[in-house]
Amino acid sequence: MKLNKLATACLVIFPCAVLSQPFESCPSQAFLMQDANAQLYGIDLVSAKPTVLASQLTFANELNTNSVNAVGFNYKDQYMYGYSKQTPGSVVQLGSNYEMKRLNVQGLPATNFYVGDIQVVGEGNDQRATYYVYHPNFGLYGINLDGDLDASITASLLPNTNTWRLSIYDFAFHPASNLLYAVEPNGNLYEIDIAANTHTLITQVDVGDDTGAFGAAYFDVKGQFYFSNNKSGKIHKVDLSVSPVVGYTPVANVFTSGPKSSQNDGARCAIAEVKVTDSSIDFGDAPAPYNTSLEQSGARHLFDPNSTGSDLIYLGSSVDGENINTNADLLLSPIDDSDDGVSFVTAISAGQDSQIIVNASTSGFLYAWFDWDQNGRFTEDERMVTKRAINEGDNSILITVPSNTKAGQTWARFRVTDGTEASLITATGGVLGGEVEDYEITTYASAVYPGENDWVTLAYEDRWPFAGDYDFNDLVLNYRTTQLMEGSNVVGYKIDGQLIGIGATYHNGFAVRLKETVNNTTHTILRDEVDEDAISFIIDGQPQTASPLEAGRNEAILIFMQDTWAHVSKESGCSYFRTEDNCDENVKVTFSMSIPLKEPKAKSASPGTLLDPFIFATNGFYHGDFLVGKNARGWEVHIKNQAPTEAFDTSLYSVTNADDASVQSNGLYFLNENGLPWAMEVGMQWLHPLEGVDITDAYGSFADFAQSSGKQKPTWFNDYSISNVVVRGEQ
């Protein structure tokens, strides 16, 4: 009891020293010393989670107000050692209570050492520990830690090391070979042999966009080398399980993202394992050879399973964790995350835009990679989304698919974070918070008409079988079709468009009938040849849930809009949509549909694949006296000489006083006696006539072109009267 009181008195009244205690065991966390006024962090290398161990290091009877550098962990005596810049500069011992003790080391030059680690050689009672510090201007010094540490210790300079001039900021000893490894700011990886007094440039590892000092270096018991960048906080990993390095070229991967600082130094018990110890870490799903497991620096996110609401950012309905340390773990227990945060709305075809919908639990930031070349890696040039701000709920994302994308099965990786990471994350490595979701996807080669970034214009008159005002603006669309290819076969279609003008009083729908041309013969694709459940369809970025395949038909007829007027709004003072003077500011209505086929078909031999786009009368609205009492859906208008669908009412060919001159037996459809059509394709984005302006007045060469079936005036669309056409805005 008296002893306890005396000890208490010593602590409270007298400025006596408290003996520093060693760490109880070999810690698995890495130690990171930061800032000019030294703070000590513990870093979980698996999850990137930092923990402040000591916000202020102290000496026995004084406050430390300077940095501590060149730290190393001595697993022989379970203490850390480092170099304190505080006057007098000295080697210090640091124990589990994070109080420092000065060692009386002689023979060191008067400088601040910021590179250091501890070499432990031998086994059992024969273990020997030496603390090595390095300065490029002075060389490499060894300090024996085996004797009486209260006595004077003499540091020894390794001969000629003052000529090495290595631009390194930390190094670490391999736990098996006892070779030193270090990385320069440009990624040069060096191997240093203390016994031979040599340093060897192994290779230049890829450190991405990291620049500046790699101020902290660590090893684990498996010979994995970790080094941390001061500016970004990223911790890179290199497999050095084979040491010395012979016969292969080491590769660096981002392993995790730690805290950044202008001053960094690291230490770790090199014989401790780095591994996942709980299921609060979410991993990706992509199989080998993708970097998914921990040993491959796989993408992973630490989350708090007890956190809810805005404190937890994830994709879809939930996030769960896995324990995937090795590729063997991945093979034995494939991850089944039931990923549900990303929906692929349109086909992913080479050279085209593809839309995806990303659902987030709360606002955050999205990253995405696509393995376009199918080489089993997500590279930085395959990053398609970079820290994009997303909101709670559904977010529409447009991905531009490279034109050289390889067709077939591949993988995409999506990562969401709260955005607090110090720098851009990569496709691998650990991050605090968020989630990673991997998806197997199908990419297609494509044959695009008229071109990847081009449109044709479709223009319709809706007075058929009467001539009407012939201004060709009752419905005007930009239009593009894509054959989705696997090898030489078509496995589906993608149709994109923009509704750019409605000059009609009537209500019209827009549809496309699927057709194929084989050996110069055109066939209609049947409804049951389409994979209906796999169709994806969006209008103005919003996925459509109802099937677009028209029910009750044998032909594959896709309804894009039952009533085009239902998708637009007129400007104030305007009677129509983008067909009058000063009435062209409304935003175009965009649409896109991907239509997979159940079985592949031969690629169309025709130079352009227009399929069969047409308009039809919307049920429930007046569309002329001749349709009163009839099924309005039976009225259609197709491009000249394109036969109508099975839904067409053939009695309409016999309407009294009509202007139509169709002759079914001769393959003539939807043209008048002069050969002029009610619908046409223009091979470019076209300036359609103003409301009430006959197309032959707006385009002086059009009549010659139409009546000659395209043999005369093929560039008629360049001959227009500017006062008679709609000069579109770019909305």
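Bear in mind the structure is a predicted one, so any value in this text is a computation, not a measurement.

J.: So what's going on with the overall build of the protein? Which residues, and what values?
T.: In terms of regular secondary structure, the protein is built from four helices and 47 strands. By the compact-globule yardstick of 27 Å for 731 residues, the protein is too spread out, its C-alpha radius of gyration being 36 Å. For the C-alpha atoms alone, the extent of the protein along its principal axes is close to 120 × 55 × 50 Å. Counting every position in the protein, which comprises 731 residues, the buried fraction comes to 56%.

J.: Please set out the state of the cysteines residue by residue, giving values where relevant.
T.: Counted under the stated rule, the structure contains two disulfides. The disulfide bridge from Cys26 ends at Cys269, spanning 1.5 Å between sulfur atoms. Here the S-S torsion is close to -105°, and the disulfide linking Cys26 with Cys269 is therefore left-handed. With Cys26 in the loop between helix H1 (2-12) and strand E1 (30-34) and Cys269 in the loop between strand E23 (264-267) and strand E24 (281-283), the pair connects residues that are 243 residues apart, well separated along the chain. By relative accessible area, which is 26% here, Cys26 ends up partly exposed. Owing to a relative accessible area of 0%, Cys269 belongs among the buried residues under this scheme. Two residues, Cys574 and Cys583, share a disulfide whose sulfurs are 2.0 Å apart. One disulfide, between Cys574 and Cys583, carries an S-S torsion of -90° and so falls in the left-handed class. Cys583 carries the same exposure label as Cys574, and that label is buried.

J.: Just give me the short version of the pairing of strand E3 (residues 50-54), but keep the residues and values in it.
T.: Bridge count between strand E2 (residues 39-43) and E3: four bridges; the pairing is antiparallel. Across the sheet, Ile43 pairs through a bridge with Pro50, a residue of E3. Taken together, E2 and the strand that follows it, E3, pair antiparallel across an intervening segment of six residues, in which Ala48 is found at a positive phi of about 80°.

J.: Tell me about the environment of Val490, and please be specific about residues and values.
T.: With respect to the element layout, Val490 can be found in strand E37 (residues 489-501). The sequence separation of Val490 and Phe591 amounts to 101 residues, and the corresponding C-alpha distance is 22 Å. Each residue touching Val490, except ones within four places of it in the same chain, is listed here: Gln483, Leu484, Met485, Leu597, Glu599, Pro600, Lys601, Ala602, Lys603 and Ser604.

J.: With reference to specific residues and values, describe the nonpolar core.
T.: Formed by 54 residues in total, the largest nonpolar core has its most connected members in Phe510 and Phe560. Secondary-structure elements contributing two or more residues to this core are strand E35 (456-460), strand E36 (475-486), E37, strand E38 (508-513), strand E41 (536-539), strand E43 (557-561), strand E44 (589-602) and strand E45 (612-617). Here the element with the most residues in this core is E44; it accounts for five residues. Residues Tyr79, Met80, Val105 and Leu145 belong to the second largest nonpolar core, which totals 39 residues.

J.: Could you give an account of the sheet that holds strand E26 (residues 342-344), with specific residues and numbers?
T.: Pairing is antiparallel across the open sheet formed by three strands, whose spatial order is E26-E28-E31. Each end of this open sheet is capped by a strand with a single partner; those strands are E26 and strand E31 (393-400). Neighbour-to-neighbour, the strand axes of this sheet turn through a mean angle of 25°, independent of strand direction. Direction of pairing for E26 relative to strand E28 (residues 353-360): antiparallel, over a ladder of three bridges. Across the sheet, the residue bridging to Val342 is Val358, located in E28.

J.: Requested: an account of the sheet that holds strand E15 (residues 172-173), with residues and values cited.
T.: Backbone-to-backbone hydrogen bonds pair the strands of a sheet. The strands run either parallel or antiparallel. Spatially, four strands are ordered E15-E16-E17-E18 in an open sheet, and the strand pairing comes out antiparallel. The sheet is open, and its two borders are formed by E15 and strand E18 (198-204), each paired with just one other strand. Examined bridge by bridge, strand E16 (residues 180-183) and strand E17 (residues 188-193) share four bridges and lie antiparallel to one another. For Val183, the partnering residue across the bridge sits in E17 and is Leu189.

J.: Could you give an account of the side chain of Gln34, with specific residues and numbers?
T.: Mapping Gln34 onto the fold places it in strand E1. A polar side-chain atom of Gln34 sits 2.7 Å from a polar atom in the side chain of Asn264. Those residues in contact with Gln34, other than ones at most four positions away along the chain, are Gln39, Tyr41, Pro259, Lys260, Ser261, Gln263 and Asn264.

J.: An account of the packing of aromatic side chains is requested, with residue identities and associated values reported.
T.: In the structure shown here, the tally under the stated rule is 45 aromatic pairs. Aromatic side chains Trp686 and Tyr699 sit 5.5 Å apart centroid to centroid with 35° between the ring planes, which places their arrangement in the tilted category. With a gap of 13 residues between them, Trp686 in the loop between strand E47 (679-682) and helix H3 (695-698) and Tyr699 in the loop between H3 and helix H4 (702-707) connect regions that are remote in the sequence. Judged on exposure class, the residue Trp686 and its partner Tyr699 are both buried. The class of Tyr699 is buried, set by a relative accessible area of 0%. Through a chain of ring-to-ring contacts, three or more aromatic side chains come together here, namely Tyr470, Phe472, Trp686, Tyr699, Phe702, Phe705, Trp716, Phe717 and Tyr720. The ring of Phe255 carries Arg300 above its face, with NZ or CZ at 4.2 Å from the centroid.

Cut-off values and rules
- All residue numbers here refer to positions counted from 1 along the written sequence of the relevant chain.
- Local features in a predicted model are, by the rule used here, given only for residues with pLDDT of at least 70; side-chain atom pairs are given and counted only at 80 or more, and totals for whole chains, interfaces and linings are based on all residues.
- Side-chain descriptors were evaluated using all non-hydrogen atoms of the structure, hydrogens and water having been removed beforehand.
- Numbering goes from the N terminus for both helices and strands, where a helix is a DSSP run of H or I of at least four residues and a strand is a run of E of at least two.
- Radius of gyration: over C-alpha atoms. The globule rule applied is 2.2 Å multiplied by the number of residues raised to the 0.38 power.
- A simple rule labels every residue: compare its accessible area, found with a 1.4 Å probe on the protein chains alone, to the largest value its type can have, and call it buried under 20%, exposed over 50%, or partly exposed in between.
- Here, the term disulfide refers to a pair of cysteine sulfur atoms separated by no more than 2.5 Å.
- Strands are treated as partners if at least two bridges between them are detected by DSSP.
- Whether two residues are in contact is decided by their heavy atoms, any of which lying within 4.5 Å being enough.
- In plain words, nonpolar cores are sets of buried Ala, Val, Leu, Ile, Met, Phe, Trp, Tyr and Cys residues tied together by side-chain atoms within 4.5 Å.
- Axis lines are fitted through C-alpha atoms, for helices just across the contact stretch, and the angle between N-to-C directions can take any value from 0 to 180 degrees.
- Polar contacts, as counted here, are pairs of nitrogen or oxygen atoms within 3.5 Å of one another; within protein the pair requires one atom able to donate a hydrogen and one able to accept it, and residues that are adjacent in sequence qualify only if both atoms are side-chain atoms.
- Put simply, two rings from Phe, Tyr or Trp (the six-membered ring, in Trp's case) pair if the centres are within 6.5 Å, and we call them stacked under 30 degrees between planes, edge-to-face over 60, tilted for the rest.
- Note on criteria: charge over ring means Lys NZ or Arg CZ within 6 Å of the ring centre, with the direction from the centre no more than 35 degrees off the ring normal.

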